Amino acid sequence: MAKAPVLTPRAEDFPRWYQDLINKAELADNGPVRGTMVIRPYGYGLWERMQQEMEARIKAAGASNAYFPLFIPQSYLTREAEHVEGFAPELAVVTHGGGKELEEPVVVRPTSETIVNEYFSKWVQSYRDLPLLINQWANVVRWEMRPRVFLRTTEFLWQEGHTAHATYDDARAYAERIHRDVYHDFMVNVLGIDVVLGRKTARERFAGAINTLTLEGMMGDGKALQMGTSHELGQNFAKAFGTRYLSGDGRQELVWQTSWGTSTRMVGGLIMSHGDDSGLRVPPRLAPVQAVVLAVKGDDAVLAKVREIGGRLAAAGVRVQVDDRTDVPFGRRAVDWELKGVPVRIEVGPRDLEHGTALLARRIPGGKEPVRVGELEALVPKVLEEDQALLLAQSRERREDRTADTRTIEEAVEAAATGWARIPWAVLGPDGEAALAEQGVSVRCLVAADGSVPDREDQPGNVAIVARAY
């Protein structure tokens, strides 16, 4: 009788496969309150690596970290009408504290544009204070009606950037810089996901923004996932909060602003983009553990050798872990590391010692081969880079193969059943976008005819990317 698979096959039930993988790879559990999650150490390790890579890029773009309160006076949100309207259904509101009814209800942070502007209006006095470039790592709460771990949770972790500039052009250029140099660079070159950069339509853009730039990734089932966004806020919040500066010629001017964010949703994107029926496949540049060295048996010489190999790989710059838990069956340990998607396994047993070799197992392309122990320090970094490139190539190939050019709404809906559709925005337009929404399909973004990000929604030649989305 055949053994039952460790995970539900993706082709059989993709949502069940996703949940199985999160459980079996020990990434997260459901929290006690509906829509919350407990991120387990290995899952949090993935998020920490994402933070580290993103942090370096954010700081290279000139932003500094700060922290703003979790609780926001309800009156702050009402100052920008479109903003409060957009977030109203998702708000968690505290009305009692310390056993008493509060004089003014407070909102649990859904995003921080309002409270940030309250303080920007104090900190910005003259053009010399600009640009003001702030980022914070925090949690936010948005009451989610259809939760799914990592993808849509009531509470999630993220970074949110907020900036103030002297001119529209400066603000626009900075939003584009974050979109391109921070988010796109990270997602392509670290996550290995070939995201599309585009502009949101008026229907889909952030509440209170004048423009939203997005990064959309195709998941393994052909659906789209919004991986991150960068917003031009114009002067909407500056007007509401009186965020002004004294210009060089002595005039009081409103600042121009941006905000931008990515979240633990990227962990879900990592799973759904690269995972297979055996578990996760973690891009080597992201992986908390790039290589694990496993002792097949509890032989003293074997244990000494795996520890020696681990030390030599660490000295070569590889993030390595030695698994010498020989009280746990080897097969179980190997399956666990495969589920967790560690890019390289190096297995050493008594026979390997006799031949001066180790068995090298590569998670991403698959396959095993014996290699000389003395070659590992040079070989492992090389195969890690090869496998990083392979994941990106597979992501790009999937998106290109499963994206169809269409000319009608009917064709676009049909294509979105299994992948993405491209349709001229001049053909679709806002009315067609509304018709798509009624069928559970959305315009993920607009791209220019040459594949770049368009300057405006009505730019001639714009193409709409249409898909079902998470």
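Everything in this summary refers to the structure shown in the same document. (Residues numbered from 1 in each chain as written. Predicted model: local features only at pLDDT ≥ 70, side-chain atom pairs only at ≥ 80, totals over all residues. Heavy atoms only, no water.)

1. Topic: the pairing of strand β21 (residues 420-424)
And then number 1: Inspection of the sheet shows strand β20 (residues 403-405) paired to β21 by three bridges, in the parallel sense. Directly across from Asp405, in β21, lies its bridge partner Arg422.
And then number 2: Crossover connection from β20 via helix α13 (residues 409-415) to parallel β21: handedness right-handed. (Pairing = 2+ DSSP bridges. Helix = DSSP H or I, 4+ residues; strand = E, 2+ residues; numbered from the N terminus. Right-handed = clockwise from strand over helix to strand, strands pointing away.)

2. Regarding the side chain of His165
And then number 1: Looking at the element boundaries, His165 is found in strand β8 (residues 155-165).
And then number 2: Given the relative accessible area of 4%, His165 is considered buried.
And then number 3: In this structure the side chain of His165 is engaged in a polar contact, spanning 2.7 Å, whose partner is the side chain of Thr163.
And then number 4: Not counting residues up to four positions away in its chain, the partners in contact with His165 are Leu130, Pro131, Leu133, Asp170, Ala171, Tyr174, Val255, Trp256 and Thr258. (Buried < 20%, exposed > 50% of the residue type's maximum accessible area, 1.4 Å probe, protein only. Polar contact = N/O pair within 3.5 Å; in protein donor to acceptor, adjacent residues only side chain to side chain. Contact = heavy atoms within 4.5 Å.)

3. Quick look at the sheet that holds strand β5 (residues 93-97)
And then number 1: The sheet built from three strands is open, its strands ordered β4-β6-β5 with antiparallel pairing. A strand with exactly one partner marks an edge of an open sheet, and here the two such strands are β4 (71-73) and β5. Recorded for the sheet is a direction-independent mean angle of 50 degrees between the axes of neighbouring strands.
And then number 2: Two elements, β5 and strand β6 (residues 100-108), share four bridges in a ladder whose sense is antiparallel. Bridged to Gly97 within β6 is Lys100. (Axes fitted to C-alpha atoms, helices over the stretch in contact; angles between N-to-C directions.)

4. Considering a nonpolar patch on the surface
And then number 1: A surface patch of nonpolar side chains, about 300 Å² in accessible area, is lined by Val33, Trp143 and Met145.
And then number 2: Position of Val33 among the secondary structure elements: in the loop between β1 (28-30) and β2 (37-39). (Patch = residues over 30% accessible without salt bridge, like charges linked within 9 Å, V, L, I, M, F, W, Y side chains within 5 Å. Areas by Shrake-Rupley, 256 points an atom, 1.4 Å probe, with all protein chains shown as cover. Salt bridge = Lys/Arg side-chain N within 4 Å of Asp/Glu carboxyl O.)

5. Remarks on the sheet that holds strand β16 (residues 320-323)
And then number 1: Sheet architecture is open: five strands sit in the order β16-β15-β17-β18-β19, paired in mixed fashion. Single-partner strands in this sheet number two, and they are β16 and β19 (368-372). Along the sheet, successive strands turn relative to each other by an average axial angle of 25 degrees, direction set aside.
And then number 2: Sheet strands in contact with helix α10 (residues 330-340) are β15 (291-295), β16 and β17 (344-348), and its direction is about 175 degrees off that of β15.

6. A closer look at helix α14 (residues 425-437)
And then number 1: Helix length check: α14 (13 residues) gives 15 Å between terminal C-alpha atoms against 18 Å at 1.5 Å per residue, more than 12% under.
And then number 2: Along α14, the sharpest kink reaches roughly 65 degrees, centred on Asp431.
And then number 3: Of the positions making up α14, those classed as buried are Trp425, Leu428, Gly429, Gly432, Glu433 and Leu436. (Expected span 1.5 Å × (residues − 1). Bend = angle between axes of the 7 residues up to and from the residue.)

7. Some details on the packing of helix α1 (residues 14-24) against helix α8 (residues 265-274)
And then number 1: With their axes 11 Å apart at the nearest point, α1 and α8 run at an angle of 115 degrees to one another. Our pair here, α1 against α8, has a crossing hand that is right-handed. The residues of α8 that touch α1, namely those facing Phe14, Trp17, Tyr18, Leu21 and Ile22, are Gly268, Ile271 and Met272.
And then number 2: For the contact of α1 with α8, the residue count by class is seven nonpolar, one polar and no charged. (Left-handed = near helix turned anticlockwise from the far one by under 90°. Nonpolar A, V, L, I, M, F, W, Y, C, P; charged D, E, K, R; others polar.)

8. Focus on the packing of helix α9 (residues 300-315) against helix α12 (residues 376-401)
And then number 1: With their axes 9 Å apart at the nearest point, α9 and α12 run at an angle of 60 degrees to one another. Overall, the two elements α9 and α12 adopt an arrangement that is oblique. The crossing of α9 and α12 is right-handed. For the pair formed by α9 and α12, the contact residues are Ile309, Arg312 and Leu313 on the first element and Leu376, Glu377 and Val380 on the second.
And then number 2: Looking at side-chain class alone, the contact of α9 with α12 contains four nonpolar, no polar and two charged residues. (Parallel < 35°, antiparallel > 145°, perpendicular 65-115°, else oblique.)

9. Overview of the pattern of salt bridges
And then number 1: A complete count under the given rule lists 33 salt bridges for this structure.
And then number 2: Between Asp458 and Arg456 there is a salt bridge; the shortest N-O distance is 2.7 Å.
And then number 3: Classification of Arg456 by relative accessible area gives partly exposed; the value is 41%.
And then number 4: Overlapping salt bridges bring together Arg49, Glu53, Arg57 and Asp185 as one network.

10. Concerning the environment of Val6
And then number 1: One can find Val6 in the segment before α1.
And then number 2: Overall, Val6 belongs to the partly exposed group, its relative accessible area being 41%.
And then number 3: On a C-alpha basis, the gap between Val6 and Trp17 in space is 9.8 Å, while along the polypeptide they are 11 residues apart.
And then number 4: With sequence-adjacent residues up to four places away left out, Val6 is seen in contact with Lys24, Val335 and Leu339.

11. Remarks on the packing of aromatic side chains
And then number 1: What the rule picks out here adds up to 11 aromatic pairs.
And then number 2: Measuring from centroid to centroid gives 5.7 Å for Phe87 and Phe206, while their planes differ by 70 degrees, and the two rings are edge-to-face. Of the two residues, Phe87 is situated in helix α4 (residues 81-87) and Phe206 in the loop between β9 (196-199) and β10 (211-218); the sequence distance between them amounts to 119 residues.
And then number 3: Assessed through its relative accessible area of 6%, Phe87 is described here as buried.
And then number 4: On the basis of an interplanar angle of 50 degrees and a centroid distance of 6.3 Å, the ring pair of Tyr174 and Trp260 is categorised as tilted. Here Tyr174 is found in helix α6 (residues 168-189), whereas its partner Trp260 is found in strand β14 (residues 256-263), with 86 residues between them in sequence.
And then number 5: Residue classification places Trp260 among the buried positions, given a relative accessible area of 2%.
And then number 6: Among the aromatic residues, those joined into a cluster by ring pairs are Phe68, Tyr119, Phe120 and Trp123.
And then number 7: For the cation-ring pair, Arg10 lies above Trp17, with the distance from its terminal atom to the ring centre recorded as 5.7 Å.
And then number 8: It is Lys223 that lies over the ring of Tyr470; its NZ or CZ is 5.0 Å from the centre. (Phe/Tyr/Trp six-rings, centres within 6.5 Å; stacked < 30°, edge-to-face > 60°. Lys NZ or Arg CZ within 6 Å of the ring centre and 35° of its normal.)

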